[in-house]
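# Close look at the chain arrangement
Residue strings, one per chain:
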Amino acid sequence: MPYTVARRTGEIGIRMSLGARRGDVIRMVLRQAFALSAIGLATGVPVALGASKFVESFLFGAKANDTAALFLAVAILLSAVLVASYVPARKASRIDPLTAVRHE
């Protein structure tokens, strides 16, 4: 996310110079991060459910389709996405529009 925000510095500067508020910029960056994580979860959860029987055969005490473990993994992933994207989003919201436009 920091790389994506750095690449979009000019765009963010133009948006802010046209009247976008800091909250709008933060929401834009967070929306993009959560969209990417939703795509990853949409592909990863079915694969994890499909592979759970295979994993159960190798690990002692592991249950196939353990919903608590899957829910915990999804919660940890979404928490990591929030933390990893909020910092660049907050930094992007503090960009001076004039400096950002000159950056290009």
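Here's a quick rundown of the structure.

Reading the values: the criteria
Residues numbered from 1 in each chain as written. Predicted model: local features only at pLDDT ≥ 70, side-chain atom pairs only at ≥ 80, totals over all residues. Heavy atoms only, no water. Helix = DSSP H or I, 4+ residues; strand = E, 2+ residues; numbered from the N terminus. Rg over C-alpha atoms; globule rule 2.2 N^0.38 Å. Buried < 20%, exposed > 50% of the residue type's maximum accessible area, 1.4 Å probe, protein only. Expected span 1.5 Å × (residues − 1). Bend = angle between axes of the 7 residues up to and from the residue. Contact = heavy atoms within 4.5 Å. Core = buried A, V, L, I, M, F, W, Y, C linked by side-chain atoms within 4.5 Å. Axes fitted to C-alpha atoms, helices over the stretch in contact; angles between N-to-C directions. Parallel < 35°, antiparallel > 145°, perpendicular 65-115°, else oblique. Left-handed = near helix turned anticlockwise from the far one by under 90°. Nonpolar A, V, L, I, M, F, W, Y, C, P; charged D, E, K, R; others polar. Salt bridge = Lys/Arg side-chain N within 4 Å of Asp/Glu carboxyl O.

A word on the overall build of the protein. Within the protein, the regular secondary structure consists of five helices and zero strands. For the protein, the succession of helices and strands along the chain, N to C, is α-α-α-α-α. In summary, the protein has a C-alpha radius of gyration of 19 Å against a globular reference of 13 Å for 104 residues, an excess of more than 25%. Relative to its full complement of 104 residues, the protein shows a buried share of 22%.

The terminal C-alpha atoms of helix α3 (residues 22-58), which comprises 37 residues, lie 50 Å apart, in line with the 54 Å expected from a rise of 1.5 Å per residue. Roughly 45° is the biggest bend found in α3, and it falls at S52. When we look at burial in α3, the residues that qualify are V25, I26, M28, V29, L30, A33, S37, L41 and S52. Each element contacted by the buried residues of α3 is listed here: α1 (2-7), α2 (9-17) and α4 (67-93).

Another aspect to go through is the nonpolar core. Ranked by size, the top nonpolar core spans twelve residues in total: V5, I12, M16, V25, I26, M28, V29, L30, A89, A92, I95 and A100. Only α2, α3 and α4 provide two or more residues apiece to this core. In terms of residue count, the dominant contributor to this core is α3 (five residues). The contact partners of V5, leaving out residues within four places of it in the chain, are I12, V29, P88 and A92.

Moving on, we get to the environment of K91. Tracing the sequence through the fold places K91 in helix α4. Along the chain, K91 and V25 lie 66 residues apart, while their C-alpha atoms are 9.8 Å from each other.

This part covers the packing of α3 against α4. Their axes nearest at 9 Å, the elements α3 and α4 cross at an angle of 155°. Classified by the interaxial angle, the pair formed by α3 and α4 is roughly antiparallel. In the crossing of α3 with α4, the sense of the turn from one axis to the other is right-handed. Between α3 and α4, the contacting residues are R22, V25, I26, V29, L30, A33, F34, S37, L41, V45, A48 and L49 on the first element and L70, V74, L77, L78, V81, L82, S85, Y86, A89, R90, A92 and S93 on the second. Class assignment for the residues of the contact of α3 with α4 results in 19 nonpolar, three polar and two charged.

For the rest of this paragraph, the subject is the pattern of salt bridges. Throughout the structure, instances matching the rule amount to four salt bridges. A salt bridge links R8 to E11, with the shortest nitrogen-to-oxygen separation between them at 2.9 Å. A relative accessible area of 21% means that R8 is categorised as partly exposed. Judged by its relative accessible area of 30%, E11 is partly exposed. For the salt bridge of R21 with D24, the shortest nitrogen-to-oxygen distance reads 3.7 Å. Among the charged side chains, a salt-bridge network with shared partners connects R8, E11 and R15.

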